[in-house]
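What follows is the residue order along each chain.
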Amino acid sequence: MPHPVGEHKGKKRKHAAVVAADAGAEPSTKRTKKDKDAKRAAKALLPRPDKGKSRATDDAFRVARASLTVPVPPVFAADLRGGVEEMLDSMLMRYIPALQGVVLAHDRLEFLDEVATIKADCPFAICKVAFDATVWSPQVGMKLAGKINLCSPDHISLLVHRTFNVSIPRHHITTDEYEFEYGPAENDPEFGAGDPSAEQDPAAEGGDGQVQGGGRWVHKTTGTKLGDAEGNLQFTVIGLTIANQMLSLVGSIQADPFSPEHVPKAPVTTATSGSKPQPGSRPETVALSEREVDALIEEADETDDEDAFQKLGRLGDEAEAAQRRAQAEAEEAARKEKKRKRRESKTQDGEDAGEKKSKKKKKS
């Protein structure tokens, strides 16, 4: 009678175990899969050691599922999908507040309703759609990397992904370690000014493509320029500037970028006790925050722009008013002169009449 296969294999395993025990072989130390999974889970729960410097990441890119109600013009009545895609194309490279970032691409367009809606006499077809939007959405506190394209004593300008502008103001540059080194003047003969061969030499510019003539930030001790060999620099995002649906960043390379020490302060004047403010003296100034300083600068720029356009009109009005004033004064002076002459002529006539009367009396 044949034995079952499973029973035959079991007997072989038992026989091998007995032979190994008789030979004095050590039991196997191979861990089971259950033990490996338990150790892996325990390792995942342990905190990861901090390696010190945190590296710049690309966490600013994300894909968001968005829904939108789009009025499609009647020219796309035969191709609603094409009309919606063209309207979504107009949102590219613009900051969209609802998505909190700059839309870079859209994909997987889907109509939420089977039919479009036309309201009253409006010829536009109203469609509810959903799509995947690839968004660049940097947040305050993120660490990013950009390429330096301009250096000045007041700030450093960078480009992130060769597209987005970043400005690092002077008070967010580590001036205790770095200093600004001015470049050669354009008309300096010592640096090959006027030499046509020097103008066409690509070595006159830095290896990273940035123009070195305007100056650069260098280390005070070693003299090495700020950033790596290719001109890339890591920074921390401390602010977002949105203007005309365009997004630009404000960065910092300080170790603690959000410290109050890096906020620019206006000079503060203090008055001694018991002293009275003199007439014409300036009032005490108050320390302003960075946002207030930026707002004042923008307001001053706006007023300068307005004065440039209104100055001619204001000067013309003032000249016309001065001319009217001078004309009125001249007319008033002429009237006074006529009155004076009339008064003098009357007094003269009175005196002449008195003299004639006195003469007649003497004759009589």
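Residues numbered from 1 in each chain as written. Predicted model: local features only at pLDDT ≥ 70, side-chain atom pairs only at ≥ 80, totals over all residues. Heavy atoms only, no water.

### Points about the overall build of the chain
Here's step 1: Within the chain, the secondary structure is distributed over five helices and 11 strands.
Here's step 2: Taking all 364 residues of the chain together, the buried fraction comes to 20%.
Here's step 3: Counting only contacts in the chain whose residues sit at least 6 apart along the sequence, the fraction spanning at least 24 positions is 61%.
Here's step 4: Here the chain has roughly 28,200 Å² of accessible surface; of this, 54% comes from carbon and sulfur atoms. (Helix = DSSP H or I, 4+ residues; strand = E, 2+ residues; numbered from the N terminus. Buried < 20%, exposed > 50% of the residue type's maximum accessible area, 1.4 Å probe, protein only. Contact = heavy atoms within 4.5 Å. Areas by Shrake-Rupley, 256 points an atom, 1.4 Å probe, with all protein chains shown as cover.)

### Describing the confidence of the model for the chain
Here's step 1: In this model, the chain carries a mean pLDDT of 76, and residues with pLDDT of at least 70 account for 61%.
Here's step 2: Confidence drops under a pLDDT of 50 for residues 16–29, and excluding neighbours within four residues, the segment shows one contact in the predicted structure.
Here's step 3: Contacts from residues 193–209, a stretch scored under 50 in pLDDT, to residues over four places away or in other chains number 12 contacts. (pLDDT = per-residue confidence, 0-100.)

### Some points on the sheet that holds strand β3 (residues 101–111)
Here's step 1: Read from one edge to the other, the open sheet built from four strands follows the order β1-β4-β3-β2, with strand pairing classed as antiparallel. Either end of the sheet is taken by a strand with one partner, and the two such strands are β1 (61–72) and β2 (95–96).
Here's step 2: By the bridge criterion, two bridges tie β2 to β3 in an arrangement that is antiparallel. For Y95, the partnering residue across the bridge sits in β3 and is V102.
Here's step 3: Each of β1, β3 and β4 (125–136) touches helix α3 (residues 80–89); the most contacted strand, β3, lies at about 170° to it. (Pairing = 2+ DSSP bridges. Axes fitted to C-alpha atoms, helices over the stretch in contact; angles between N-to-C directions.)

### A short note on the pairing of strand β5 (residues 143–151)
Here's step 1: Note: β5 against strand β10 (residues 232–243), five bridges, orientation antiparallel. Its bridge partner being in β10, K147 is matched across the sheet by N232.
Here's step 2: When β5 meets strand β6 (residues 155–160), the two strands line up antiparallel, connected through four bridges. Directly across from I148, in β6, lies its bridge partner L158.
Here's step 3: Taking the residues between adjacent antiparallel strands as the criterion, β5 and β6 are bridged by three residues.

### Describing the packing of aromatic side chains
Here's step 1: Taken as a whole and judged by the stated rule, the model has three aromatic pairs.
Here's step 2: Pairing F180 with Y182 gives two aromatic rings, centres 4.9 Å apart and planes at 90°, and the pair type is edge-to-face.
Here's step 3: By relative accessible area, F180 is classed as buried at 15%.
Here's step 4: Taking relative accessible area as the criterion, Y182 reaches 61% and is therefore assigned exposed.
Here's step 5: Centroid distance F180 to W217: 5.7 Å. Interplanar angle 65°. Geometry classified as edge-to-face. Of the two residues, F180 sits in strand β8 (residues 178–181) while W217 sits in strand β9 (residues 216–219), which places them 37 residues apart along the sequence. W217 carries the same exposure label as F180, and that label is buried.
Here's step 6: Feature note: the residues F180, Y182 and W217 constitute an aromatic cluster, connected by ring pairs. (Phe/Tyr/Trp six-rings, centres within 6.5 Å; stacked < 30°, edge-to-face > 60°.)

### A closer look at the side chain of S137
Here's step 1: Residue position: S137 is located in the loop between β4 and β5.
Here's step 2: Classification of S137 by relative accessible area gives buried; the value is 3%.
Here's step 3: Polar contacts involving the side chain of S137 include one to the main-chain carbonyl oxygen of Q100, which spans 2.6 Å.
Here's step 4: Discounting residues that sit within four places of it in the chain, S137 has contacts with A60, R62, Q100, G101 and M142. (Polar contact = N/O pair within 3.5 Å; in protein donor to acceptor, adjacent residues only side chain to side chain.)

### Some remarks on the pattern of salt bridges
Here's step 1: All chains considered together, the criterion is met by eight salt bridges.
Here's step 2: The closest approach of N and O atoms between E320 and R324, which form a salt bridge, is 3.0 Å. You can see E320 and its partner R324 sitting in helix α5 (residues 290–363), four residues apart, about one turn around the helix.
Here's step 3: Notably, a salt bridge pairs R340 with E344, separated by 2.6 Å at the nearest N-O pair. Separated by four residues within a single helix, R340 and E344 lie in helix α5, roughly one turn from each other. (Salt bridge = Lys/Arg side-chain N within 4 Å of Asp/Glu carboxyl O.)

### As for α3
Here's step 1: Within α3, burial applies to G83, V84 and L88. One face of α3 carries all of its buried residues, which in axial projection span an arc of 135°.
Here's step 2: In the core, the buried residues of α3 are packed alongside β1, β3 and β4. (Arc of directions from axis to C-beta.)

### A look at unusual backbone geometry
Here's step 1: Even without a glycine there, the phi angle at Q100 is positive, about 55°.
Here's step 2: Relative to the assigned elements, Q100 resides in the loop between β2 and β3.
Here's step 3: The exposure class of Q100 is partly exposed, given its relative accessible area of 49%.
Here's step 4: For A120, which is not a glycine, the phi torsion comes out positive at approximately 50°.
Here's step 5: Summarising the element assignment, A120 is placed in the loop between β3 and β4.

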